[in-house]
Amino acid sequence: MKEARLYSRKEDRVVVCALCHHRCRIKPGRRGRCGVRENQEGVLYSLVYGRLVAENIDPVEKKPFYHFLPSSRSYSISTVGCNFFCQHCQNYQISQYPHMYAGAIVGNLRTPAQVVAAAEQGRCQSVSYTYVEPTIFYEFARDCMELAHAQGLANLFVSNGFMTAECSRELAPLLDGINIDIKSFSEEFYQTVCKASLQPVLDTVRLLRELGVWVEVTTLVIPGLNDAAEELAGIASFLKEVDPAIPWHVTGFYPTYKMLDRVPTSVASLRMARQIGLDAGLRFVYQGNVHSGEGESTLCPSCHTELLSRTGFLVQNNRLSDGRCPKCQEVIEGVWCVPQ
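Residues numbered from 1 in each chain as written. Predicted model: local features only at pLDDT ≥ 70, side-chain atom pairs only at ≥ 80, totals over all residues. Heavy atoms only, no water.

### Structural notes on the side chain of Glu-38
For step 1, the next point in the chain: Residue placement: Glu-38 occurs in strand 5 (residues 37-40).
For step 2, the next point in the chain: Accessibility expressed as a relative area gives 16% for Glu-38, which makes it buried.
For step 3, the next point in the chain: One polar contact links Glu-38 to Gln-40, side chain to side chain, over a distance of 2.9 Å.
For step 4, the next point in the chain: Once you skip the residues sitting within four places of it in the chain, Glu-38 turns out to touch Arg-30, Arg-31, Val-43, Leu-44, Tyr-45 and Leu-47. (Helix = DSSP H or I, 4+ residues; strand = E, 2+ residues; numbered from the N terminus. Buried < 20%, exposed > 50% of the residue type's maximum accessible area, 1.4 Å probe, protein only. Polar contact = N/O pair within 3.5 Å; in protein donor to acceptor, adjacent residues only side chain to side chain. Contact = heavy atoms within 4.5 Å.)

Given below as structure tokens:
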């Protein structure tokens, strides 16, 4: 265990966690909604510090990041727990583990030095904090991030974006890139499907971009729930307002967990979503998770030259020249070399 960051002590040994927007008020002997932060005699502890249940070397495109060190490897880690309760979670076996198994905490003990050493041995250029909401293992992630930067590795979050502003501001100097899910543009969806709220997610996208973190956004398009043209247009309009260069990944849903009553997303639906994004003025919109071969490559927004040719997670050809289109010299926004 390790004492948590970002919490305050109240009367009667109650603590209030300020890590995410649930801002859980936790009595002694109880845990926050994430299931992995516990009040012990008025002190909040992380129960998952260094307890990893997933350690993998992934292509960075799998996260997905399409504008961050293309073709590079990322060392991906996770603990159990999550502050969302998404009915369609593809990693529910680990995200909901403490809730499914009477509060049990599992994982292999690792140190930040071991994580960074494994990343280096695997010839990775970054460490990704992913698979569940990484904010919930913030203390371990932060210690890994400091050491990763010291060793010249980048840090990436794959996140639901529900972190507080104070967490975002503390995290930003160590964070090189983040992919944030905007799961829907409907408050009702967030409350019903995720047991959360939309506006804090939008605020996080805006704040982290303002703080200089590279941001990409993913929307899992679920038939009959968030695939209406008006809703997709709302997400696209919001991203355009924040920064039209934010890459938007519209990806295919497959039935899982508590959402087995929905059909998979069609290619036509993703094609429509991508066009909505482009029509709204976004510079980069990608289709994913349907293996159609459509909408995966990076095109120059000016002359439409194919700059990064992709099939799935594989970059087959990279024609970028110092972050520019070689044909028309248009600047292509992204992180194309390891941040210093």
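Continuing now.
### Thoughts on the packing of helix 8 (residues 229-242) against helix 9 (residues 267-279)
For step 1, the next point in the chain: Interaxial distance between helix 8 and helix 9 falls to 9 Å at its minimum, and their mutual angle equals 40°. By the angle class used here, helix 8 and helix 9 are oblique. In this structure, the crossing between helix 8 and helix 9 has a hand that is right-handed. Each of Ala-229, Leu-232, Ala-233 and Ala-236 in helix 8 lies in contact with helix 9, whose residues at this interface are Met-272, Ala-273, Ile-276 and Gly-277. (Axes fitted to C-alpha atoms, helices over the stretch in contact; angles between N-to-C directions. Parallel < 35°, antiparallel > 145°, perpendicular 65-115°, else oblique. Left-handed = near helix turned anticlockwise from the far one by under 90°.)

### Notes on the packing of aromatic side chains
For step 1, the next point in the chain: Tallied over the full model, the rule gives nine aromatic pairs.
For step 2, the next point in the chain: A centroid spacing of 4.7 Å and a plane angle of 70° characterise the contact between Tyr-66 and Tyr-286, whose relative ring orientation is edge-to-face. With a gap of 220 residues between them, Tyr-66 in the loop between strand 8 (54-59) and strand 9 (73-78) and Tyr-286 in strand 16 (residues 285-288) connect regions that are remote in the sequence.
For step 3, the next point in the chain: A residue is classified by how much of its surface remains accessible, and Tyr-286, at 1% relative accessible area, is buried.
For step 4, the next point in the chain: Three or more aromatic residues joined by ring pairs make a cluster, and in this case those are Phe-84, Phe-162, Phe-189 and Tyr-190. (Phe/Tyr/Trp six-rings, centres within 6.5 Å; stacked < 30°, edge-to-face > 60°.)

### Structural notes on empty space enclosed by the protein
For step 1, the next point in the chain: Under the counting rule described, the total for this entry stands at one cavity of 30 Å³ or more.
For step 2, the next point in the chain: Considering the residues around the largest cavity, the lining is formed by 13 residues, among which Cys-17, Cys-20, Cys-34, Arg-37 and Asn-83 are closest to the centre.
For step 3, the next point in the chain: Residues of the lining of the largest cavity, tallied by class, amount to seven nonpolar, four polar and two charged. (1 Å grid on protein atoms, 1.4 Å probe; cavity = no way out; pocket = protein on both sides within 12 Å on 5 of 7 lines; lining within 4 Å. Points joined across faces, edges and corners; volume = space filled by probe spheres on them. Nonpolar A, V, L, I, M, F, W, Y, C, P; charged D, E, K, R; others polar.)

### A look at the pattern of salt bridges
For step 1, the next point in the chain: Per the counting criterion, the structure on display carries 18 salt bridges.
For step 2, the next point in the chain: Glu-3 is the salt-bridge partner of Arg-9, the closest N and O atoms lying 3.5 Å from each other.
For step 3, the next point in the chain: Using a relative accessible area of 53% as the deciding quantity, one classes Arg-9 as exposed.
For step 4, the next point in the chain: Among the ionic pairs, Arg-13 bridges to Glu-41, the shortest N-O distance being 2.3 Å. Of this pair, Arg-13 sits in the loop between strand 2 (7-9) and strand 3 (15-17) while Glu-41 sits in the loop between strand 5 and strand 6 (43-46); the two residues are 28 residues apart in sequence, bridging distant segments of the chain.
For step 5, the next point in the chain: Looking at Arg-13, the relative accessible area reads 44%, which means it is partly exposed.
For step 6, the next point in the chain: Looking at Glu-41, the relative accessible area reads 59%, which means it is exposed.
For step 7, the next point in the chain: The network of salt bridges with shared partners includes Arg-5, Arg-142, Glu-146 and Glu-170. (Salt bridge = Lys/Arg side-chain N within 4 Å of Asp/Glu carboxyl O.)

### Thoughts on the layout of surface pockets
For step 1, the next point in the chain: Quantified by volume, the largest pocket comes out at close to 1100 Å³.
For step 2, the next point in the chain: As for the largest pocket, its lining consists of 42 residues, of which Lys-63, Pro-64, Gln-90, Asn-91 and Asp-181 are closest to the centre.
For step 3, the next point in the chain: At the level of elements, strand 12 (154-159), strand 13 (177-181), strand 14 (214-221), strand 15 (248-252) and strand 16 are the ones that each hand at least two residues to the lining of the largest pocket.
For step 4, the next point in the chain: Among the elements that make up the lining of the largest pocket, the one with the highest residue count is strand 15 (three residues).
For step 5, the next point in the chain: Computed from the structure, the second largest pocket encloses a volume of approximately 160 Å³.
For step 6, the next point in the chain: Forming the walls of the second largest pocket are Arg-274, Leu-278, Arg-283, Phe-284, Val-285, Tyr-286, Ser-297, Thr-298, Leu-299, Cys-300, Pro-301 and His-304.
For step 7, the next point in the chain: When residues of the lining of the second largest pocket are traced back to their parent elements, those giving at least two are helix 9, strand 16 and strand 17 (298-299).
For step 8, the next point in the chain: Counted by class, the lining of the second largest pocket contains seven nonpolar, three polar and two charged residues.

### Let's talk about helix 6 (residues 187-194)
For step 1, the next point in the chain: Of the residues making up helix 6, those classed as buried are Phe-189, Tyr-190, Val-193 and Cys-194. End-on view of helix 6: buried residues confined to an arc of 95°, all on one side of the axis.
For step 2, the next point in the chain: Packed against the buried residues of helix 6 are strand 13 and helix 7 (199-210).
For step 3, the next point in the chain: For helix 6, the N-terminal capping position is held by Ser-186, with its side-chain oxygen 3.2 Å away from the main-chain nitrogen of Glu-188.
For step 4, the next point in the chain: Phi turns positive, to about 60°, at Lys-195, one or two residues after helix 6. (Arc of directions from axis to C-beta.)

### Looking at the sheet that holds strand 2
For step 1, the next point in the chain: Overall, antiparallel pairing links the three strands, which are arranged 2-3-4 in an open sheet. Each of the sheet's edge strands pairs with one partner strand only, and the pair in question is strand 2 and strand 4 (25-26).
For step 2, the next point in the chain: Where strand 2 meets strand 3, three bridges bridge the pair, whose relative direction is antiparallel. Across the sheet, residue Ser-8 finds its bridge partner in strand 3, namely Val-16. (Pairing = 2+ DSSP bridges.)

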